[in-house]
Amino acid sequence: MLREFDVHVITDTVRDLCIQASHFLSDDMKAALEKAKQTEKSDLGRKILCQLQDNLKIAGEEMIPICQDTGMAVLFLEIGQDIHLVGGNLTDAVNEGVRRGYTEGFLRKSVVKDPIFRENTNDNTPAVIHEEIVPGDKLKITLAPKGFGSENMSQIFMLKPAQGIEGVKDAVLKAVKDAGPNACPPMVVGVGIGGDFEKCAILSKKALTREVGKHSDIPYVAELESELLETINKSGIGPAGLGGTVTALAVNVNTYPTHIAGLPVAVNICCHVNRHVTAVL
Ligand code: SF4
């Protein structure tokens, strides 16, 4: 049986998620920062991690955004195939939620209408929306506003199959080292392996929305995540790029089948403000 679903509910939900994500870091990220503070070996690194925690506290208490870059709104929608959307257009409803969230929440509007002429849209729309049809009659909305200090540090590698898992590791480490302090570390590193050019990029972005500290269900991928995290944390980049033993809080890897002739790898880097919030309607 079809479930009728008014898109206005989506607008209201997206508005609330935009405001929530900009002011409160999710519990997994808070726990990861606390653990980082316990394990960081550098005094300066620990001091910076304490400052990041103070910043979070003030943001929540005084309703000030965690970071001045409140990001471009990226949304993953998992739409149950037994839902019948009514009351308007889905894309318009999502963008209206973003518009209201960024305007009513007094969040920085960071989106320009044209990539070359660069006139600000003044309401942070349009959002980047990824839609997937799934079984069931629920709608899952995940919002991950993305700051571009770290987004600009992301890279894609079209490897040859013979480069194998060692090639993947080299690619991830290159992207992290190239990013250095520019990605506002400690980072969360999202990696997409497989698919094609655009699929691996989306996999890597979605990997950033996975709970920090939760590993892939695929044993070799979980091992790869742990190994990469350990290696990245030996790079010495450290909190804020000022040296230390915590350069990344997590490496989340998602995989997908690919073509016999390719091994695409995308590395989407996020900063310590790894905002991701989810609502299930
Ligand atoms: S990369 Fe992250 S912490 Fe740095 S300015 Fe952008 S949103 Fe803020």
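Here, every reference points to the structure presented above.
These figures come from a predicted structure and were not determined experimentally.

Engineer: Looking at this structure, how should I read the overall build of the protein chain?
Structural biologist: On a plain count of helices and strands, the protein chain comes out with 8 helices and 10 strands. Here the protein chain has a C-alpha radius of gyration of 19 Å; the compact-globule value for 281 residues is 19 Å, and the two agree. Residues classed as buried in the protein chain amount to 49% of the 281 residues present. Counted over contacts in the protein chain with a minimum sequence separation of 6, partners at least 24 positions apart contribute 80%. Of the roughly 13,500 Å² of accessible surface on the protein chain, a fraction of 56% belongs to carbon and sulfur atoms. Charge-centre separation for the protein chain: the mean point of 29 positive side chains lies 5 Å from the mean point of 36 negative side chains.

Engineer: Would you take a moment to explain the side chain of glutamine 53 for this structure?
Structural biologist: In this structure, glutamine 53 sits in helix α3 (residues 43-62). With relative accessibility at 18%, the residue glutamine 53 sits in the buried group. One polar contact links glutamine 53 to lysine 37, side chain to side chain, over a distance of 3.0 Å. Discounting chain neighbours no more than four positions away, the residues touching glutamine 53 are Leu33, Glu34 and Lys37.

Engineer: Looking at this model, I keep getting lost on the environment of serine 26. Mind explaining?
Structural biologist: Topologically, serine 26 is positioned in the loop between α1 (7-23) and α2 (27-39). Separated by 249 residues in the primary sequence, serine 26 and arginine 275 have C-alpha atoms spaced 7.1 Å apart. Reaching out from serine 26, the side chain makes a polar contact with the side chain of aspartate 28 at a distance of 2.6 Å. Within polar-contact distance, the side chain of serine 26 engages the side chain of histidine 276 at 3.4 Å.

Engineer: When you look at the sheet that holds strand β2 (residues 74-80) in this model, what are you seeing that I'm missing?
Structural biologist: The strands making up a sheet are joined through hydrogen bonds of the backbone, oriented either antiparallel or parallel. Taken in spatial order, the 4 strands of this open sheet run β4-β2-β5-β10, and their pairing is mixed. The sheet terminates laterally at β4 (128-134) and β10 (277-280), the two strands that pair on one side only. Strand-to-strand, the axes of this sheet are offset by a mean angle of 15 degrees, without reference to chain direction. Where β2 meets β4, 7 bridges bridge the pair, whose relative direction is parallel. Looking across to β4, one finds that leucine 75 is bridged to isoleucine 129.

Engineer: How do you make sense of the sheet that holds strand β9 (residues 263-270) when you look at a structure like this?
Structural biologist: With mixed pairing, 4 strands are arranged side by side in an open sheet as β6-β9-β7-β8. With one partner strand each, in any of the chains shown, β6 (155-159) and β8 (248-258) form the two edges of the open sheet. For this sheet the average axis-to-axis angle between neighbouring strands, irrespective of direction, equals 15 degrees. Sheet topology note: the strand β7 (residues 187-195)/β9 ladder contains 6 bridges and is antiparallel. Note on β9: the bridge partner recorded for glycine 190 is asparagine 268. Along the sheet, helix α6 (residues 164-179) contacts β6, β7 and β9; its crossing angle with β9, the most-contacted strand, is approximately 30 degrees.

Engineer: Any chance you could explain the site of the ligand here in plain terms?
Structural biologist: Taken together, the neighbourhood of the ligand is formed by Cys67, Gln68, Asp69, Gly147, Gly149, Ser150, Cys184, Cys271, His272, Val273 and Arg275. When its residues are assigned to classes, the shell around the ligand shows 4 nonpolar, 5 polar and 2 charged. Of the residues that make up the shell around the ligand, three or more belong to each of domain 1 (3-21 + 66-145) and domain 2 (148-274).

Conventions we followed
Residues numbered from 1 in each chain as written. Predicted model: local features only at pLDDT ≥ 70, side-chain atom pairs only at ≥ 80, totals over all residues. Heavy atoms only, no water. Helix = DSSP H or I, 4+ residues; strand = E, 2+ residues; numbered from the N terminus. Rg over C-alpha atoms; globule rule 2.2 N^0.38 Å. Buried < 20%, exposed > 50% of the residue type's maximum accessible area, 1.4 Å probe, protein only. Contact = heavy atoms within 4.5 Å. Areas by Shrake-Rupley, 256 points an atom, 1.4 Å probe, with all protein chains shown as cover. Lys, Arg positive; Asp, Glu negative; His and termini not counted. Charge placed at Lys NZ, Arg CZ, Asp CG, Glu CD. Polar contact = N/O pair within 3.5 Å; in protein donor to acceptor, adjacent residues only side chain to side chain. Pairing = 2+ DSSP bridges. Axes fitted to C-alpha atoms, helices over the stretch in contact; angles between N-to-C directions. Near = heavy atom within 4 Å. Nonpolar A, V, L, I, M, F, W, Y, C, P; charged D, E, K, R; others polar. Domains from an automatic or database assignment.

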